[in-house]
Amino acid sequence: MTSGSSPGGYGERSTEGPADGSAPSDTDLLAEHVRGSPTAFGVLVARHHDHLWAVALRMMRSPDDAADVLQDSMVKAFRAAPGFRGESAVSTWLHRITVNTSLDALRSRSRREVLASDHVDRAPAAGRDPVSTRETALDVAAALAAIPADQRAAVVLVDMVGFSVAEAAVVLECPPGTVKSRCSRARTRLAHLLTGYGPAGSADGVPAQGNPAAPPDVEHGETAPGSPGARTEEQA
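Not measured: the values here are computed from a predicted model.

Undergrad: Quick rundown of the overall build of the protein chain? Include the residues and the values.
TA: Counting its regular elements, the protein chain contains 9 helices and 0 strands. The N-to-C order of helical and strand elements in the protein chain reads α-α-α-α-α-α-α-α-α. Taken across its 236 residues, the protein chain has 38% of its residues classed as buried. Partitioning the intrachain contacts of the protein chain with sequence separation of at least 6 by distance along the chain shows that 65% fall at a separation of at least 24. For the protein chain, the computed accessible surface area is about 12200 Å², with 54% contributed by carbon and sulfur atoms.

See the structure below:
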């Protein structure tokens, strides 16, 4: 995985350890953990904690829920380490476990709880200051909660944490085309929720009939199952 500045403000994503060899790589730390080191896994988690936390928090919206998800994810990774085959970067593997755990947690919520706690008004509030950073952040968080979980995972990884489409595809264990489609639908849905632009369309973010057409580069229709990019590591 290459490093790069995260648009979500979380700095540079960690790679597989310092390039100058001054510290063990992620792969070395995981191997040491499997051999019985009492400290290696803690060092590994600390190296990637900020970005794993960012993913969990964006997915769950609640710091308490995000903390629970991150703890559960690291317990899963701790136990699953002996089965790691090295087919992806260790950091990708950790992000995948965190995303999958977040999705499991979201699915476990009842539909009534989601509707009650995550309702978002489609019309913009009267008199809102358009430059209010805090209000905008709250709006984005609420809007993220209103879109389907698979679309949320894709747009969080690509637009907020800074993964490339290819990297997100590995984390989400789906083809790059599916990631593009989910991001496109998520962005369309978020635009409706954040600006009150026209009818909100269907639940999957596709504009309702009569809305202006999406930009030419928007891709719809996910890649069929069985395409390249399927699972590369066993889900913890």
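Undergrad: Could you give an account of the state of the cysteines, naming the residues involved and the relevant values?
TA: On inspection of all chains with the given rule, the structure shows 0 disulfides. Cysteine Cys183 shares no disulfide, and the gap to the nearest cysteine sulfur, in Cys174, comes to 9.3 Å.

Undergrad: Go over the pattern of salt bridges, please, and point to the residues and values.
TA: Counted under the stated rule, the structure contains 5 salt bridges. When the shortest N-O distance is used, the salt bridge between Arg85 and Glu87 registers 3.2 Å. Between Arg182 and Asp150 there is a salt bridge, with its nearest N and O atoms 3.8 Å apart. On the criterion of sequence distance, the pair formed by Arg182 in helix H9 (residues 176–195) and Asp150 in helix H7 (residues 149–161) is long-range, its members being 32 residues apart.

Undergrad: Describe unusual backbone geometry, listing the residues and the values that go with them.
TA: Unusually for a residue other than glycine, Arg61 sits at a positive phi of about 75°. Structurally, the position occupied by Arg61 is in the loop between helix H2 (40–60) and helix H3 (63–80). Assessed through its relative accessible area of 33%, Arg61 is described here as partly exposed. Unusually for a residue other than glycine, Glu173 sits at a positive phi of about 55°. Within the secondary structure, Glu173 is located in the loop between helix H8 (165–172) and H9.

Rules used in this analysis
- Residues numbered from 1 in each chain as written.
- Predicted model: local features only at pLDDT ≥ 70, side-chain atom pairs only at ≥ 80, totals over all residues.
- Heavy atoms only, no water.
- Helix = DSSP H or I, 4+ residues; strand = E, 2+ residues; numbered from the N terminus.
- Buried < 20%, exposed > 50% of the residue type's maximum accessible area, 1.4 Å probe, protein only.
- Contact = heavy atoms within 4.5 Å.
- Areas by Shrake-Rupley, 256 points an atom, 1.4 Å probe, with all protein chains shown as cover.
- Disulfide = S-S within 2.5 Å.
- Salt bridge = Lys/Arg side-chain N within 4 Å of Asp/Glu carboxyl O.

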